[in-house]
Amino acid sequence: MQDALPPFVLDSEATKRSAMSGISSNPDTEKSATAESDEHLMIAFSRGSTDAFSELFSRYKQPLFGFFRRRVADPAQAEELTQETFLAVLRAASRYEPRALFRTYLYAIAFKILRAYRRKVAFRATFLGAATGFHRPALQNATDTEVSLRQAVGKLERLDREILLLREFEQLNYAEIAELLRVPVNTVRSRLFRARMALRALLAAPAPKSSATELTESEERI
């Protein structure tokens, strides 16, 4: 397989709308009834079809960027992690087996890359200190509503937060979330309900304004 990606061009307006304040587009609903399934495309790519991978890249580059953008403060870093995820798909293509939906497979890889990134952030923060410039201000032009939402989501428990983001923004179903996070489906249901109630309470309560640095550090914990 060729270790290269199609040009990574994001729809900036769609990204801005869906980064946190809206629902990301669901690739399943955007495909026509006659379009090949993700799984068939991935199998075709594993057999050498570069066009198949280009189609998958086109379908998922925006949703995957949104996945990282909601968890990483710096948009450039989110874009880098998105490309890293697709590169991982490229490298593992020959070993691909359609045991689950391609979407679940893709987000599982994204989670691994996100965890590795978080470990790197923690290492630098511990051993190099805050003066490294690793944290950068996020959403300088964000509206008050977007900032409040980001802050509220950042206050949720980690598992509740991930379940909420995967359901509301990535639009994964309960079974997919359970598989990704390795928890029972009933846990997904109960935690999602709890997360929604907690988020509603946090958004209803008046909150003091935070500086850009404080917001960035909160987002890095997401």
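(A) Highlighting a positive patch on the surface. A cluster of like positive charges, contributed by Lys-112, Arg-115, Arg-119 and Arg-182, occupies part of the molecular surface. For Arg-115, the location among the structural elements is in helix H6 (residues 102–127).

(B) Spotlight on the layout of surface pockets. There is about 490 Å³ of room inside the largest pocket. If you list the elements that add at least two residues to the lining of the largest pocket, you get H6 and helix H9 (174–181). Sorting elements by how many residues they give to the lining of the largest pocket places H6 first, with 7 residues. Grouping the constituent residues of the lining of the largest pocket by class yields 9 nonpolar, 1 polar and 7 charged. Of the domains in this structure, domain 1 (23–133) and domain 2 (135–222) are the two that each give at least three residues to the lining of the largest pocket.

(C) Fine view of the pattern of salt bridges. Per the stated rule, a full pass over the model turns up 13 salt bridges. Among the salt bridges present, the one from Glu-97 reaches Arg-99, with a minimum N-O distance of 2.8 Å. The exposure class of Arg-99 is exposed, given its relative accessible area of 73%. A salt bridge links Asp-160 to Arg-191; the shortest N-O distance between them is 2.9 Å. Of the two residues, Asp-160 is situated in helix H8 (residues 158–168) and Arg-191 in helix H10 (residues 185–204); the sequence distance between them amounts to 31 residues. Judged by relative accessible area, which is 4%, Asp-160 ranks as buried. Taking relative accessible area as the criterion, Arg-191 reaches 22% and is therefore assigned partly exposed. Shared partners join several salt bridges into a network, and the residues in it are Arg-70, Arg-71, Arg-118, Glu-162 and Glu-170.

What counts and how
Residues numbered from 1 in each chain as written. Predicted model: local features only at pLDDT ≥ 70, side-chain atom pairs only at ≥ 80, totals over all residues. Heavy atoms only, no water. Patch = residues over 30% accessible without salt bridge, like charges linked within 9 Å, V, L, I, M, F, W, Y side chains within 5 Å. Areas by Shrake-Rupley, 256 points an atom, 1.4 Å probe, with all protein chains shown as cover. Salt bridge = Lys/Arg side-chain N within 4 Å of Asp/Glu carboxyl O. Lys, Arg positive; Asp, Glu negative; His and termini not counted. Charge placed at Lys NZ, Arg CZ, Asp CG, Glu CD. Helix = DSSP H or I, 4+ residues; strand = E, 2+ residues; numbered from the N terminus. 1 Å grid on protein atoms, 1.4 Å probe; cavity = no way out; pocket = protein on both sides within 12 Å on 5 of 7 lines; lining within 4 Å. Points joined across faces, edges and corners; volume = space filled by probe spheres on them. Nonpolar A, V, L, I, M, F, W, Y, C, P; charged D, E, K, R; others polar. Domains from an automatic or database assignment. Buried < 20%, exposed > 50% of the residue type's maximum accessible area, 1.4 Å probe, protein only.

Just geometry here; none of it tells us what the structure is for.
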